[in-house]
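# Per-entry structural report
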Amino acid sequence: MIAQHPERDQILLENVLSALGNPLRLQIVRVLAESGERSCGSILDGLSKSTLTHHWRVLRDSGVIWQRPAGRENLLSLRREDLDARFPGMLDILLAAAARNEPGDSHIAAR
């Protein structure tokens, strides 16, 4: 199945905020912001494949990430350029707030 990504002008603020309202998805975005494109299997530890698939879908469908196939994996990257164009400064503010409030998450791989 080919992933559907909204066009830049179809990214809606309410969808982005809803997606990033989940602490796990916000942490995923923090990892992608810090490290760039990653394989989906290198970001989270200890969660079922169905749970991961759900989180990738929510982030992709809201316009927060790009997801592209690469062999047997999917590569994920943050749509920073699109998000900054649609909502200037929002992503930086959310990431800074998340960094201040995050005591550490044992599910996130430090790879």
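For the structure, see preceding data.
Our subject in this report is the structure included herewith. The model shown is predicted, which means the values in this text are computed figures rather than measured ones. (Residues numbered from 1 in each chain as written. Predicted model: local features only at pLDDT ≥ 70, side-chain atom pairs only at ≥ 80, totals over all residues. Heavy atoms only, no water.)

A few words now on helix α5 (residues 90-101). In this model, α5 (12 residues) spans 17 Å end to end at C-alpha, consistent with the 16 Å of a helix rising 1.5 Å per residue. Within the sequence span of α5, burial applies to Met 90, Leu 91, Leu 95 and Ala 98. Along α5, the residues classed as buried sweep out an arc of 120 degrees about the axis, all on the same side. Pointing more than 90 degrees away from the buried face of α5 are the exposed residues Ile 93 and Arg 100. At its buried positions, α5 is contacted by α1 (13-20), α2 (23-35), β3 (73-78) and α4 (80-86). (Helix = DSSP H or I, 4+ residues; strand = E, 2+ residues; numbered from the N terminus. Expected span 1.5 Å × (residues − 1). Buried < 20%, exposed > 50% of the residue type's maximum accessible area, 1.4 Å probe, protein only. Arc of directions from axis to C-beta. Contact = heavy atoms within 4.5 Å.)

Glancing now at the side chain of Arg 25. Within the secondary structure layout, Arg 25 lies in helix α2. Notably, Arg 25 is buried but unbridged: the nearest opposite-charge side chain belongs to Asp 61, and the N-O separation is 11 Å. Sequence-distant contacts of Arg 25, defined by excluding residues within four places in its chain, comprise Ser 18, Ala 19, Leu 20, His 54, His 55, Val 58 and Leu 59. (Lys, Arg positive; Asp, Glu negative; His and termini not counted. Salt bridge = Lys/Arg side-chain N within 4 Å of Asp/Glu carboxyl O.)

This next bit is on the pattern of salt bridges. Summed over all chains, the structure comprises 9 salt bridges. Residues Arg 79 and Asp 82 are paired through a salt bridge, measuring 2.9 Å at the closest nitrogen-oxygen approach. Across the pair Asp 92 and Arg 80 runs a salt bridge, and its minimum N-O distance is 3.0 Å. With Asp 92 in helix α5 and Arg 80 in helix α4, the pair connects residues that are 12 residues apart, well separated along the chain. Residue class for Asp 92 comes out partly exposed when judged on its relative accessible area of 43%. Because the salt bridges share partners, they merge into one network encompassing Arg 8, Arg 79, Glu 81 and Asp 82.

Moving on, we get to α1. Listed as buried for α1 are Val 16, Ala 19 and Leu 20. In a view along the axis of α1, the buried residues occupy a sector of 90 degrees, so they form one face of it. Turned more than 90 degrees away from the buried face of α1 sit Glu 14 and Ser 18, all of them exposed. The inward-facing, buried residues of α1 contact α2, α3 (49-62), α4 and α5.

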